[in-house]
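# Structure at a glance
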Amino acid sequence: MAAGVQPVLDVSVGLELRPWRPEDADALVAAGRDAAIRQWNLLTVPTAQDARRRIARMHERWRAEEAAIWAMARPGGEVLGLLGWKDVDLAAGSAEIVYWVLPHARGGGLVVDAVRRAGRWALDELGLHRLTLCHSTANPASCRVAEKAGYTFEGTMRSALRHADGRHDQHLHALVAGDL
């Protein structure tokens, strides 16, 4: 990862995963103001300056081979959400997917397509072996994304993550090389 440039991934007609740009700061600020995104992601980005620092950190994490975070966007246009791999462990061959979508882009299946595409990239191009998708048991939309994207349900992790309203049990889904 560190030796290369983060790729732009074509997802479907009218959608791509591309590296975040400083001019995308307003989309991060908007995400930080959305109640649903804050609930599940604890995202706090009060100003455009904070957003630009966060975007710079995304690029640092790519170079450090810790994460691969993309903007879900219209080609040459508006940001619809965020999708990426955190806790990348190249030696162990694993990572966990994270994502959120701005309100106007929800409900159209974009996340499922993007999760599938990012999974193919992580397994085929990056050479990872195991990908996980974790979500609160109170978040059925993310459960549907995991199922539709081909991630196998592996179990429930008790009190595994803090959300805006406290600790939640989490579902653990996984995709391993050979599942696709």
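Before any of the text, the structure's been laid out above.
A few points on the structure. (Residues numbered from 1 in each chain as written. Predicted model: local features only at pLDDT ≥ 70, side-chain atom pairs only at ≥ 80, totals over all residues. Heavy atoms only, no water.)

### Digging into the overall build of the protein
Looking only at helices and strands, the protein features five helices and eight strands. Beginning at the N terminus, the succession of helices and strands in the protein can be written as β-β-α-α-α-β-β-β-α-β-α-β-β. In terms of C-alpha radius of gyration, the protein reaches 15 Å, essentially the compact-globule figure of 16 Å for 180 residues. Counting only C-alpha atoms and orienting by the principal axes, one finds that the protein spans roughly 40 × 40 × 30 Å. Among the 180 residues that make up the protein, the fraction classed as buried is 47%. Within the protein, residue pairs in contact and separated by at least 24 positions form 58% of the contacts whose partners lie at least 6 positions apart. In the protein, which carries 22 positive and 22 negative side-chain charges, the distance between the mean positions of the two groups comes to 5 Å. (Helix = DSSP H or I, 4+ residues; strand = E, 2+ residues; numbered from the N terminus. Rg over C-alpha atoms; globule rule 2.2 N^0.38 Å. Buried < 20%, exposed > 50% of the residue type's maximum accessible area, 1.4 Å probe, protein only. Contact = heavy atoms within 4.5 Å. Lys, Arg positive; Asp, Glu negative; His and termini not counted. Charge placed at Lys NZ, Arg CZ, Asp CG, Glu CD.)

### Focus: the side chain of H135
Among the structural elements, H135 can be located in strand β6 (residues 130-136). In this structure H135 comes out as buried when scored by relative accessible area, which is 4%. Contact partners of H135, with chain neighbours within four places excluded, come to S142, C143, D169, Q170, H171 and H173.

### Looking at the sheet that holds strand β4 (residues 79-89)
Taken in spatial order, the eight strands of this open sheet run β1-β2-β3-β4-β5-β6-β8-β7, and their pairing is mixed. At either end of the open sheet lies a strand with only one pairing partner, and these are β1 (9-12) and β7 (152-163). Going from strand to strand, the sheet's axes swing by 30° on average, the running direction of each strand aside. Judged from the three bridges that link them, strand β5 (residues 94-101) and β6 form a sheet pairing that is parallel. Paired with E96 across the bridge in β6 is T132. (Pairing = 2+ DSSP bridges. Axes fitted to C-alpha atoms, helices over the stretch in contact; angles between N-to-C directions.)

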